[in-house]
Protein chains: 2
Amino acid sequence: MSYQTAERTDEHVVNGVDVGRLFDTVDAIKAEPEIAKFRFKISNQWIDGGRNHTTIKGFYGAMNDHPHVEAFELDADEPEILLGQDKGPNPVEFLLTALAGCLTSSLVYHAATKGIEVRRVESRLEGDLDLRGFLGLSEEVPVGYEAIRVSMRVDADISNQEKEELIQAAQRFSPVFNTITRPTRVTVQLESD
Amino acid sequence: MSYQTAERTDEHVVNGVDVGRLFDTVDAIKAEPEIAKFRFKISNQWIDGGRNHTTIKGFYGAMNDHPHVEAFELDADEPEILLGQDKGPNPVEFLLTALAGCLTSSLVYHAATKGIEVRRVESRLEGDLDLRGFLGLSEEVPVGYEAIRVSMRVDADISNQEKEELIQAAQRFSPVFNTITRPTRVTVQLESD
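About the thresholds
Residues numbered from 1 in each chain as written. Chains lettered and ligands numbered in written order. Predicted model: local features only at pLDDT ≥ 70, side-chain atom pairs only at ≥ 80, totals over all residues. Heavy atoms only, no water. Helix = DSSP H or I, 4+ residues; strand = E, 2+ residues; numbered from the N terminus. Buried < 20%, exposed > 50% of the residue type's maximum accessible area, 1.4 Å probe, protein only. Contact = heavy atoms within 4.5 Å. Buried area = accessible area lost by both parts, 1.4 Å probe. Salt bridge = Lys/Arg side-chain N within 4 Å of Asp/Glu carboxyl O. Polar contact = N/O pair within 3.5 Å; in protein donor to acceptor, adjacent residues only side chain to side chain. Nonpolar A, V, L, I, M, F, W, Y, C, P; charged D, E, K, R; others polar. Least-squares fit on C-alpha atoms with pLDDT ≥ 70 in both. Pairing = 2+ DSSP bridges. Phe/Tyr/Trp six-rings, centres within 6.5 Å; stacked < 30°, edge-to-face > 60°. Expected span 1.5 Å × (residues − 1). Core = buried A, V, L, I, M, F, W, Y, C linked by side-chain atoms within 4.5 Å. Axes fitted to C-alpha atoms, helices over the stretch in contact; angles between N-to-C directions. Parallel < 35°, antiparallel > 145°, perpendicular 65-115°, else oblique. Left-handed = near helix turned anticlockwise from the far one by under 90°.

Trainee: Would you mind going over the overall build of chain A in detail, with residue names and values included?
Mentor: Along chain A, the regular secondary structure elements total 5 helices and 8 strands. When the helices and strands of chain A are listed from N to C terminus, the series reads β-β-α-β-β-β-α-β-α-β-α-α-β. Along the first, second and third principal axes, the C-alpha set of chain A runs to 60 × 45 × 30 Å. Scored against the burial criterion, the 193 residues of chain A give a buried share of 60%.

Shown next, in the form of structure tokens:
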């Protein structure tokens, strides 16, 4: 897998994405699908009430462990009205953050492979959540988001039709979008002392 | 809705959660279900390549807009092997962060309503992602996480059976867990200039 390929030049870079390396990656995965298997990992520690702290040290992929340049540390909390102290975004806001970032990167990387230069991508997301689910007050309302709406603005010298195609590609290839819109298997187990 | 109830005392606080206020909220929602309807909102701006920035200013809930004490600003990026600069967690890591935080808060709040004091809650999460989905190299592998595994450790003076019940409650009442494990409707639209 030629991640450090000698023939890398700036001409390969579109939207900040090294398209030469991206195509090299595609070729490498075609030859050895095991390279495509990634495993992302985090750990979380409860602090108090709605506060908790996540540490992200690294991940596995391309048949190797990869520590992050430095570990990422994230604080979550609930706002005052949800009985927290508002010391960080709450988990459902982190979920929207994940979705926005993933749709954006999927759009930008996909555009790069097509040679489409984008100048700006902006998005606004909102999600409807009925607390009666969380509080066990209704079997009828979903516990999770009932609906999430994403509005994306793309600034590029392409037609509206081509922008719509980019939006479609973003949804088709975004891991977070697909994790949320399809049922995903999550197993939770108690770790014994 | 008596969020600022005069009879609040420290005895109502379990695990940092003001259980008196929580039960007041439940009563208020039973009387007026509209109070339970929340809408969370974020905006995101692409920076370069796999980098993008999320801003979280506030949310709507309990029939009012609520600005956060200060806006939350989050940077996402991809690691070097995924053609980024590793300036922030990547979107699929943010998704695991959301899930960890939500399961933890669901567990802690639920325990509080039962009067169960917990000393520590720790979790480790990992998710399997096959990049062939994102790269369009296979129709067979999911584009999103194939599976997510959560391991939780709970330190409290209760039996293992009671800990298992807390783990079950965490899953049942966690909005993020339910958003991920069930198909959730996400609509994406292009915003015109």
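Trainee: Lay out the interface of chain A and chain B with the relevant residues and their values.
Mentor: In this complex, chain A contributes 127 residues to the contact, which on the side of chain B involves 127 residues. Each partner contributes to the roughly 11700 Å² buried at the junction of chain A and chain B, and carbon and sulfur atoms together form 62% of this total. Counting the contacts that link chain A with chain B gives 12 salt bridges. For Arg172(B), the salt bridge is made with Glu139(A), and the minimal N-O distance between the two is 3.4 Å. Joining chain A to chain B, the criterion identifies 55 residue pairs in polar contact (both at pLDDT 80 or more). Considering every element that reaches the side of chain A that touches chain B, the biggest residue donor is helix H2 (residues 91-113) of chain A, with 18 residues. When grouped by side-chain class, the residues that make up the side of chain A that touches chain B number 59 nonpolar, 37 polar and 31 charged.

Trainee: So what's going on with the relation of the copies chain A and chain B? Residues and values would help.
Mentor: Superposing chain A onto chain B takes a rotation of 180 degrees plus a shift of 0.0 Å along the axis, which leaves an RMSD of 0.0 Å. Taken together, the rotation and translation relating the two chain copies correspond to the operation of a two-fold axis.

Trainee: If you had to explain the pairing of strand S5 (residues 64-76) of chain A to someone new, which residues and values would you point to?
Mentor: Residue and element names in this part refer to chain A. Where strand S4 (residues 51-61) meets S5, 9 bridges bridge the pair, whose relative direction is antiparallel. Counted as the bridge partner of histidine 53 is aspartate 75 from S5. Between S4 and S5, which pair antiparallel one after the other, the connecting turn spans 2 residues, and alanine 62 there sits at a positive phi close to 50 degrees.

Trainee: Tell me about the packing of aromatic side chains, residues and numbers included.
Mentor: A ring pair, where both rings are aromatic, is described by two values, the distance of the centres and the angle of the planes. Applying the stated criterion to the full structure yields 9 aromatic pairs over all chains. Aromatic side chains Phe38(B) and Phe59(B) sit 6.0 Å apart centroid to centroid with 15 degrees between the ring planes, which places their arrangement in the stacked category. Of this pair, Phe38(B) sits in strand S3 (residues 37-48) while Phe59(B) is found in strand S4 (residues 51-61), placing the two residues 21 residues apart along the sequence. A relative accessible area of 3% places Phe38(B) in the buried class. Among the aromatic residues, ring-to-ring pairing joins Phe38(A), Phe40(A) and Phe59(A) into one connected group.

Trainee: Kindly report on the pattern of salt bridges, identifying the contributing residues and their values.
Mentor: Under the definition given, this model contains 28 salt bridges over all chains. Salt-bridge contacts for Glu34(B) lead to Lys37(B); the nearest nitrogen and oxygen are separated by 3.9 Å. Residue Arg149(B) pairs with Glu126(B) through a salt bridge whose shortest N-O separation is 2.9 Å. Residue Arg149(B) is found in strand S7 (residues 147-156), and its partner Glu126(B) is found in strand S6 (residues 118-130); the two are separated by 23 residues along the sequence. Exposure remark for Arg149(B): the relative accessible area of 27% places this residue in the partly exposed category. Counted as one network, the salt bridges with shared partners bring together Arg39(A), Glu126(B), Asp128(B) and Arg149(B).

Trainee: How would you explain helix H4 (residues 160-173) of chain B if you had to name every residue and give the values?
Mentor: Taking 1.5 Å as the rise per residue, H4(B) with 14 residues should run 20 Å; its terminal C-alpha atoms sit 20 Å apart, in good agreement. Inspection of H4(B) places Lys163(B), Leu166(B), Ile167(B), Ala169(B), Ala170(B), Gln171(B) and Phe173(B) among the buried residues, and these make up the whole buried set. For H4(B), the elements touching its buried residues are helix H3 (131-134) and strand S8 (185-190) of chain A together with helix H2 (91-113), S6, S7 and helix H5 (175-181) of chain B.

Trainee: An account of the side chain of Ser174(A) is needed here, citing residue identities and associated values.
Mentor: When you line up the elements, Ser174(A) lands in the loop between helix H4 (160-173) and helix H5 (175-181). By relative accessible area, which is 0% here, Ser174(A) ends up buried. Filtering out sequence-adjacent residues up to four positions away, Ser174(A) remains in contact with Cys102(A), Leu103(A), Ser106(A) and Val143(B).

Trainee: Break down the nonpolar core for me, citing the residues and quoting the values.
Mentor: Counting 124 residues, the largest nonpolar core has Leu99(A), Val118(A), Leu99(B) and Val118(B) as its most contacted members. Every residue in contact with Leu99(B), bar those within four places of it in the chain, is listed here: Val186(A), Leu125(B), Ile148(B), Val150(B), Val176(B), Phe177(B) and Ile180(B).

Trainee: Could you give an account of the packing of H2(A) against H2(B), naming the residues involved and the relevant values?
Mentor: As a packed pair, H2(A) and H2(B) sit with axes 8 Å apart at the nearest point and diverge in direction by 165 degrees. Overall, the two elements H2(A) and H2(B) adopt an arrangement that is roughly antiparallel. Crossing angle aside, the handedness with which H2(A) passes H2(B) is left-handed. Of H2(B), the residues touching H2(A) (which contributes Pro91(A), Phe94(A), Leu95(A), Thr97(A), Ala98(A), Gly101(A) and Cys102(A)) are Pro91(B), Phe94(B), Leu95(B), Thr97(B), Ala98(B), Gly101(B) and Cys102(B).

Trainee: Outline the sheet that holds strand S6 (residues 118-130) of chain A, supporting the account with residue identities and numerical values.
Mentor: Here we have 6 strands laid out as an open sheet, ordered S5(B)-S4(B)-S3(B)-S6(A)-S7(A)-S8(B), and mixed in their pairing. Each having just a single partner strand, strand S5 (64-76) and strand S8 (185-190) of chain B make up the two edges of the open sheet. Strand-to-strand, the axes of this sheet are offset by a mean angle of 15 degrees, without reference to chain direction. Sheet contacts for H2(A): S6 and strand S7 (147-156) of chain A together with S3, S4, S5 and S8 of chain B; angle to S3(B), the most-contacted strand, approximately 35 degrees.

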